[in-house]
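# Examining the three-dimensional arrangement
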Amino acid sequence: MIFLKTLDGNLFIICGAPGSGKTTVQTYLTKNLGFTKVVTHTTRPKRNGEQDGSDYYFETKETFFDKHYLEYVTYDDNYYGSSFEGLERALNQTKRAVIVLDTQGVLTYLDKLPAKLLTVIFLELPSKAVQVKRLYARGDKKAKIKQRLASKEAKRDAKLPAQLRAKANVLQNAELQQTYVKLEQLVADILT
Ligand SMILES: Nc1ncnc2c1ncn2[C@@H]1O[C@H](COP(=O)(O)OP(=O)(O)OP(=O)(O)O)[C@@H](O)[C@H]1O
Ligand SMILES: Nc1nc2c(ncn2[C@@H]2O[C@H](COP(=O)(O)O)[C@@H](O)[C@H]2O)c(=O)[nH]1
């Protein structure tokens, strides 16, 4: 384990399938519950409305490897990575930070960082049909949705991996207001 000295506070890690609501939940935590987002890096193209530096640091395949990462992964043929500095910066701001990771990244964080710092939330979808509907409503093109859901990473993250069963808080994200209530309860349980 590394980095023990300089990190202080709580890091909530959100994971789950495409369209499970990770970004939605992250935004709720930052807008309503005093969390600071850890912005990560990716080589995937921007979606409509996404902004460099707030949604992601958008990189090319060349600039991506100029940075040094706490961990990085390939997901649906794009690179994604998070830095120790980004995490430290977010925790220094509000002592409560939130990051969205794939499940491989979650396992790396659990391996590298102190357990007392981490709360893992795995978001569950009510059904595959709801998942497709939400991605389509977000503006994703049908072909993109098909490609993303066929990727081995999306298939892996469709269900909570066995290695995370004892570590993750599973939240069903069906009706959004109910999800927020469950989220507030979890934050209160962990942080008070
Ligand atoms: N409970 C909900 N009910 C209805 N719509 C929802 C709900 N949760 C999220 N959404 C909507 O579903 C879409 C996908 O949500 P979001 O982008 O948060 O998912 P994600 O897990 O971050 O997806 P991805 O992994 O593809 O980036 C968004 O348009 C969001 O507004
Ligand atoms: N291990 C990491 N996973 C990350 C990081 N940033 C995002 N993600 C995950 O990638 C997929 C795809 O994201 P999308 O925005 O293209 O839908 C998703 O599961 C994210 O949670 C990271 O730095 N490291």
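Calculation criteria
- Here the residue numbers are simple positions, counted from 1 along each chain's written sequence.
- Chains and ligands are labelled by the order in which they are written, letters from A for the one and numbers from 1 for the other.
- Side-chain atom pairs in this predicted model are given and counted only at pLDDT of 80 or more, local residue features only at pLDDT of at least 70, and totals for whole chains, interfaces and linings cover all residues.
- UniProt positions are given in the numbering used here, feature names are shortened, and annotations may be inferred rather than shown by experiment.
- We count a stretch as a helix when DSSP gives it H or I for four or more residues in a row; a strand needs E for two or more, and each element gets its number in order from the N terminus.
- Partly exposed residues are those whose C-beta has more than 12 but fewer than 20 other C-beta atoms within 10 Å; 20 or more makes a residue buried and 12 or fewer makes it exposed, with C-beta atoms placed from the backbone.
- Paired strands are those between which DSSP finds at least two bridges.

### Details of the UniProt feature "domain: Guanylate kinase-like" (unreviewed entry) in the protein
Those places that UniProt annotates as "domain: Guanylate kinase-like" (unreviewed entry) correspond, in this numbering, to residues 9-188. Helix makes up 41% of residues 9-188 and strand 22%. Its end C-alpha atoms lie 15 Å apart.

### Details of the pairing of strand β1 (residues 10-16)
For β1, the tally of buried residues reaches six of seven residues, placing the bulk of the element in the interior. Here five bridges tie β1 to strand β7 (residues 96-100), and the two strands are oriented parallel to one another. By the bridge assignment, leucine 11 is partnered in β7 with alanine 97. The pairing of β1 with strand β8 (residues 118-124) spans six bridges and is parallel. Its bridge partner lying in β8, cysteine 15 is registered against phenylalanine 122.

### Quick look at the sheet that holds β7
Judged by pairing direction, the sheet is parallel, and its five strands sit side by side in the order β2-β7-β1-β8-β9 without closing on themselves. Edge strands, defined here as strands with exactly one partner in the open sheet, are β2 (36-37) and β9 (168-172). Relative to β9, β8 runs parallel, the two being bridged by five bridges. Bridge pairing in β9 places phenylalanine 122 opposite valine 170.

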